[in-house]
Structure formats: structure tokens, C-alpha cells
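Overview (structure and organization)
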Amino acid sequence: MTISSPSPQAPILSTRNLSLHFDEGQTRALDGVDIEIVEGEFVAITGPSGCGKSSLLNLIGTLDIPTSGDIHFRSRPYSALGDLSLFRRENIGFIFQSFYLLPTLSALDNVLVPTIGRSGDHEERARALLTRLGLSNRLDHFPGKLSGGERQRVAIARALINDPDLILADEPTGSLDSANAAQVLDLLDCLRREKELTIIMVTHDANVSARADRVIPMRDGKVDAEVAA
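Residues numbered from 1 in each chain as written. Predicted model: local features only at pLDDT ≥ 70, side-chain atom pairs only at ≥ 80, totals over all residues. Heavy atoms only, no water.

Examining the overall build of the protein
- Secondary structure summary: the protein contains eight helices and 10 strands in total.
- Radius of gyration (C-alpha) of the protein: 17 Å, near the 17 Å computed for a compact globule of 229 residues.
- Dimensions along the principal axes, computed over C-alpha positions, put the protein at roughly 50 × 40 × 35 Å.
- Counting over 229 residues, the protein shows a buried share of 48%. (Helix = DSSP H or I, 4+ residues; strand = E, 2+ residues; numbered from the N terminus. Rg over C-alpha atoms; globule rule 2.2 N^0.38 Å. Buried < 20%, exposed > 50% of the residue type's maximum accessible area, 1.4 Å probe, protein only.)

Considerations on the nonpolar core
- In terms of nonpolar packing, the biggest core is built from 37 residues, with Leu 130, Val 154, Ile 156 and Met 201 touching the most fellow members.
- Going through the elements one at a time, strand S3 (42-46), helix H3 (107-112), helix H4 (123-132), helix H5 (148-160), strand S7 (166-170), helix H6 (178-195) and strand S8 (198-202) are the ones with two or more residues in this core.
- Residues Leu 20, Ala 29, Ile 37 and Val 43 belong to the second largest nonpolar core, which totals 29 residues. (Core = buried A, V, L, I, M, F, W, Y, C linked by side-chain atoms within 4.5 Å.)

A look at the side chain of Thr 15
- Tracing the backbone through its elements, the reader meets Thr 15 in strand S1 (residues 11-22).
- Its relative accessible area of 0% is what places Thr 15 among the buried residues.
- Here Val 33 takes part through its backbone oxygen, which lies 2.9 Å from a polar atom of the side chain of Thr 15.
- Dropping the residues within four chain positions of it, Thr 15 is found in contact with Val 33, Asp 34, Ile 35, Asp 70 and Ile 71. (Polar contact = N/O pair within 3.5 Å; in protein donor to acceptor, adjacent residues only side chain to side chain. Contact = heavy atoms within 4.5 Å.)

Overview of the sheet that holds strand S9 (residues 214-219)
- Judged by pairing direction, the sheet is mixed, and its six strands sit side by side in the order S6-S7-S8-S3-S9-S10 without closing on themselves. The open sheet has two edge strands with one neighbour each: strand S6 (92-96) and strand S10 (222-223).
- Its contacts with the sheet put helix H2 (residues 84-91) on S6 and S7, and the angle it makes with S6 is roughly 75 degrees. (Pairing = 2+ DSSP bridges. Axes fitted to C-alpha atoms, helices over the stretch in contact; angles between N-to-C directions.)

Digging into empty space enclosed by the protein
- Evaluated as defined, the whole model comprises one cavity of 30 Å³ or more.
- Of the voids in this model, the largest cavity is the one considered here, and its volume is about 60 Å³.
- Contributing to the lining of the largest cavity are Phe 42, Leu 185, Leu 188, Asp 189, Arg 192, Ile 199, Met 201 and Arg 211.
- Those elements giving two or more residues to the lining of the largest cavity turn out to be H6 and S8. (1 Å grid on protein atoms, 1.4 Å probe; cavity = no way out; pocket = protein on both sides within 12 Å on 5 of 7 lines; lining within 4 Å. Points joined across faces, edges and corners; volume = space filled by probe spheres on them.)

Notes on the packing of aromatic side chains
- Tallying each qualifying case throughout the model produces four aromatic pairs.
- Ring centres of Phe 94 and Phe 96 lie 5.8 Å apart, and the angle between their planes is 5 degrees; on these two criteria the pair is classed as stacked.
- Exposure remark for Phe 94: the relative accessible area of 15% places this residue in the buried category.
- Here Phe 96 falls in the partly exposed class, since its relative accessible area comes to 22%.
- Aromatic rings pair up to connect Phe 73, Tyr 78 and Phe 87 into one cluster. (Phe/Tyr/Trp six-rings, centres within 6.5 Å; stacked < 30°, edge-to-face > 60°.)

Description of the layout of surface pockets
- Looking at the largest pocket, its volume works out to about 390 Å³.
- For the largest pocket, the lining is made up of 19 residues, of which Ile 92, Phe 94, Val 113, Pro 114 and Arg 158 are closest to its centre.
- Broken down by element, the residue count for the lining of the largest pocket peaks at four residues, all from S6.
- Here the lining of the largest pocket is built from residues that sort into 12 nonpolar, four polar and three charged. (Nonpolar A, V, L, I, M, F, W, Y, C, P; charged D, E, K, R; others polar.)

Observations concerning unusual backbone geometry
- The phi dihedral of Tyr 100 is positive, around 55 degrees, even though this residue is not glycine.
- Considering the arrangement of structural elements, one finds Tyr 100 in the loop between S6 and H3.
- Located in the positive-phi region is Glu 196, a residue other than glycine, with phi close to 55 degrees.
- Mapped onto the secondary structure, Glu 196 falls in the loop between H6 and S8.
- The class of Glu 196 is exposed, set by a relative accessible area of 65%.

Some remarks on H4
- Every buried residue of H4 is listed here: Ala 126, Leu 129 and Leu 130. Along the long axis of H4, the arc covered by the buried residues comes to 95 degrees, so they all point the same way.
- Taken together, the buried residues of H4 touch H3 and H5.
- Following H4 by one or two positions, Gly 134 adopts a phi angle in the positive range, close to 80 degrees. (Arc of directions from axis to C-beta.)

In C-alpha cells form, the structure reads like this:
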């Protein structure tokens, strides 16, 4: 269920009064969040731990279901998209701080995991992505034999294997030293421009958010209007 883009400057994603509550409303991870992301933007979501950054990313990525409110992808509400797992697989790529690579699979096979059950020969694309990311000589290595920076590059290739338009990145440089973090950010920025990707990145690192086109600050489950202004 790939949803085509209407125009480069049209919103790719928007939320309206988005909320996520637990414990019968006693715990409010998100509480009425309104955001709009334009096609091709690199947006950083910032704020202290527990402010709702990752919860927002999980709702956008269809990993959680909101308590209330709406999310629209290219003007279509998630509620009208049918099979959200199919929508997620074809339109969204995920990059996480902890990589989440399968330790018993090679770098190449880890990249191919999202293609399981899909028709076509994806290995050539996986090899090309890993080569593009400087890992042509590491295809058969297992995650335990890769450095942190190499593992994150494998995770980036995995996020791109299904050619998504939206990348959701949750603290993707949080486990890396400054040199590897800068390299990963350079790669993401280059790939964004080449492939016209939209990136929404959760980060607490001011050096990372400074590279974004726009910053959305959060506090206590809401967009921090005072800082955003």
C-alpha cells in the first residue's frame, strides 16, 4: 500500500489532538499533540526523558494505537489505510538506538529481514545499499563482529530496503561515539537528499538537532509551545 506523494511541499504527515493514555487516563504519555511534517523535511523531536518523544514516534510508526486523535499520511487518515502492517512495511523505515540486529544473521541477511514474504529478488538491492554505506567487505559478518558505527549502517540499510518515503529514527546516534555519530548523520543527510526522504528523528543531543531543518520541542506529553515559539 504505497501512497504516492502529491507534491514536494505537501504535508507527508500530520497529527491532530493526538493522545496516548495508560492506567485509565492516569498516565498521559501524549496529550493533544498537533504537528505537521512537510515532504522532504528533516525534523528533530527534542525534550527531556519521559516527555513523550518515543511515544509519538511509535504512534506515527503504527507500533502503538492512540487513545484519541488522528494521524494522516498524505492526507489519508490511518484509520482508512486498512492493513497498517502492510502500510508500515511499504512506507516507513525505522532506525533505533540499539540497532535491533538479529545476532545469528549476517549483515546482508539482517538487511533482508523486512523483505520476508515479499516477492522479488531483493538481495541485489541489499548488497547495493550496504556497498553504498561502505560495508561491501562486511556483508557476511555477524553483528557481534561489527563496530557500533557499522551496525548502525546495517540498520540504516535495513530501514531503506523497502524504499520507504518516511524514516523514523529514535536516538540513532545515542550508542555511538562522536566520530561515528557524525558519520551516520552525514550518511542520513546524503541519503535524504538523494532519495527525497522525510526524516523524523527523536534526539536529546543538541548537536544532532542543530542539523535538522526544524525542531519540535516536547514537554510533559505536549509540544512545548513556549520553546517552539
